[in-house]
Amino acid sequence: MEKDILEILEKDSRITAEDIAVMLGKPVEEVNACIKKMEDERLICGYTILADWDKVEKEYVIAMIEVKVTPQRDAGYEAIAKRIYKFDEVKSVYLMSGAYDFMVLMEGKNIKEISHFISSKLSTLDSVTSTATHFVLKKYKDYGIVMDDDKLADERMIVSP
């Protein structure tokens, strides 16, 4: 039942326990208890919304920063990841396979703010050997949701015989 509840909440975290109970054919008390248990065990880590900030007058820049590091003896990548994710500016940190070790997502007011964070905080960490920064220019799809769907309509010219 946990997996089913997680899949439902992942699609819409506003759905009520009563509606989930109906969908799963379970008593609402059982669904509430299961949700509470998953929250206590940190299987459910939080609830959030997905906002299209481009439709609101909010000036921001999203950066994806590739980070190469030298793992610490007896601590591996965990200690480095912890140091990175403790920065308030950092939204997400992922351990990656491939050419770099971490992908760090951050949001700032402008490019200057992000570059200041990278040069004064991130790149100065002992284990960091290099960084490469990519700026998001436009979101087309985020967490499975198509952003600004009306602009993504097929704009090809209609050709009829």
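Check the entry above for the structure.
On a predicted model such as this, the values are computed, not experimentally measured, just so you know. (Residues numbered from 1 in each chain as written. Predicted model: local features only at pLDDT ≥ 70, side-chain atom pairs only at ≥ 80, totals over all residues. Heavy atoms only, no water.)

### A few points about the pattern of salt bridges
For the coordinates displayed, the defined rule picks out 8 salt bridges. A salt bridge links E2 to K37; its shortest N-O distance comes to 2.9 Å. In this pair, E2 is assigned in helix 1 (residues 2–11) and K37 in helix 3 (residues 28–40), connecting sequence segments 35 residues apart. Note that K3 is salt-bridged to E7, the shortest N-O span being 3.5 Å. Residue K3 and its partner E7 are located together in helix 1, separated by 4 residues, close to a single helical turn. Under the relative-accessibility criterion, K3 is labelled exposed at 58%. According to the relative accessible area criterion, E7 is partly exposed, its value standing at 37%. Salt bridges here are not isolated pairs; linked through shared partners, they connect E2, K37 and E41. (Salt bridge = Lys/Arg side-chain N within 4 Å of Asp/Glu carboxyl O. Helix = DSSP H or I, 4+ residues; strand = E, 2+ residues; numbered from the N terminus. Buried < 20%, exposed > 50% of the residue type's maximum accessible area, 1.4 Å probe, protein only.)

### Here we look at the packing of helix 2 (residues 17–24) against helix 3
Two numbers describe how helix 2 lies on helix 3: the axes approach to 8 Å, and their chain directions differ by 115°. When the axis of helix 2 is compared with that of helix 3, the two are roughly perpendicular. Crossing geometry of helix 2 relative to helix 3 is assigned as right-handed. Of the residues in helix 3, those touching helix 2 at A17, E18, I20 and A21 are V28, V31, N32 and I35. Tallied by class, the residues present in the contact of helix 2 with helix 3 amount to 6 nonpolar, 1 polar and 1 charged. (Axes fitted to C-alpha atoms, helices over the stretch in contact; angles between N-to-C directions. Parallel < 35°, antiparallel > 145°, perpendicular 65-115°, else oblique. Left-handed = near helix turned anticlockwise from the far one by under 90°. Contact = heavy atoms within 4.5 Å. Nonpolar A, V, L, I, M, F, W, Y, C, P; charged D, E, K, R; others polar.)

### Here's the deal with helix 1
Taken as a whole, helix 1 has its buried residues at I5, I8 and L9. An end-on view of helix 1 places all buried positions within 95° of arc, on one side of the element. More than 90 degrees from the buried face of helix 1, the exposed residues found are K3, E10 and K11. (Arc of directions from axis to C-beta.)

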